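Residue-level structure breakdown
Residues per chain are reported as follows:
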Amino acid sequence: MDIKTSVKAFSALAQDTRLEIVRLLEEHNSEGLCPCNILEKIDLTNANLSFHLKELENAGLVRKEKKGKFVHYYAECEFIRELGNFLLGKCEFTKTKSK
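What counts, and where the lines are drawn
Note on numbering: residues in each chain are counted from 1, in written sequence order. A pLDDT threshold of at least 70 governs which residues receive local features in this predicted model, and a stricter bar of 80 or more applies before side-chain atom pairs are shown or counted, although totals over entire chains, interfaces and linings include all residues. Side-chain calculation: all heavy atoms of the structure are included, whereas hydrogens and water are not. For our purposes a nonpolar core is just a set of buried Ala, Val, Leu, Ile, Met, Phe, Trp, Tyr and Cys residues, chained together by side-chain atoms within 4.5 Å. Buried residues are those whose accessible area, probed at 1.4 Å on protein chains only, stays under 20% of the maximum for their type, while exposed residues exceed 50% and partly exposed ones sit between those limits. Where helices and strands are cited, they refer to DSSP runs of H or I of at least four residues and of E of at least two residues respectively, numbered from the N terminus. We call two residues in contact whenever any of their non-hydrogen atoms come within 4.5 Å of each other. Within this analysis, patches are made of residues with over 30% relative accessible area and no salt bridge. Like charges are joined at 9 Å or less; nonpolar side chains (Val, Leu, Ile, Met, Phe, Trp, Tyr) at 5 Å or less. The protein chains shown are the only cover counted for residues, whose accessible areas, like all others here, come from Shrake-Rupley with a 1.4 Å probe. For salt bridges, the criterion is a side-chain nitrogen of Lys or Arg within 4 Å of an Asp or Glu carboxyl oxygen. By this definition, two strands are paired if DSSP reports at least two bridges between them.

Within the largest apolar cluster, 21 residues are counted, with the highest numbers of intra-cluster contacts made by Ile21, Leu25, Ile38, Leu56 and Leu61. Those elements that place two or more of their residues in this core are helix H1 (3-13), helix H2 (16-27), helix H4 (46-58), strand E2 (70-75) and helix H5 (77-88). Looking at this core, the element that brings in the most residues is H2, giving 4 residues. Residues contacting isoleucine 21, with those up to four places away along its chain left out, are Ile38, Ile42, Leu44, Leu49, His52, Leu53 and Leu56.

Structure follows, in C-alpha cells:
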C-alpha cells in the first residue's frame, strides 16, 4: 500500500458517520447491506447516506454489488486489514511491565 492510497482511506474514515457505516458493514459482510438496511441502523437522510457511501467506495473501503433489483454494500475487509498493517508498519508489540 502506498502513502496516497492510505491517506485517501484514512481521510474517508476520519468522519464519524463513515466510520460507523464501515463498522456496520463489517458486522454484516457475509450478506451485505442495502442502503435501506443501513438507514434503519444509522439516522441519516438518503442523500447523506449516498454521499458517505460514495466517499467510502472512492477510498476503496466499501464495494457495491447489484443483487436483483437491489444494491448491497460490503466492507472491503482485506483492504481495511492492509490499511491497518500499513499504519502499524514495523511496530513491535511488547508487554509493558506493571509497576
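A word on a nonpolar patch on the surface. The grouping of Met1, Ile3, Val7, Phe10, Phe86 and Leu87 at the surface amounts to a nonpolar patch, some 550 Å² of accessible area in total. Elements represented by at least two residues in the nonpolar patch include exactly H1 and H5. Tallying contributions element by element places H1 first for the nonpolar patch, with 3 residues. Inspection of the secondary structure puts phenylalanine 86 in helix H5.

Sheet topology places strand E1 (residues 62-67) next to E2; 6 bridges connect them, and they run antiparallel. The partner of lysine 67 across the bridge, within E2, is phenylalanine 70. Between E1 and E2, which pair antiparallel in sequence order, lie 2 residues; one of them, glycine 68, sits at a positive phi of approximately 65°.

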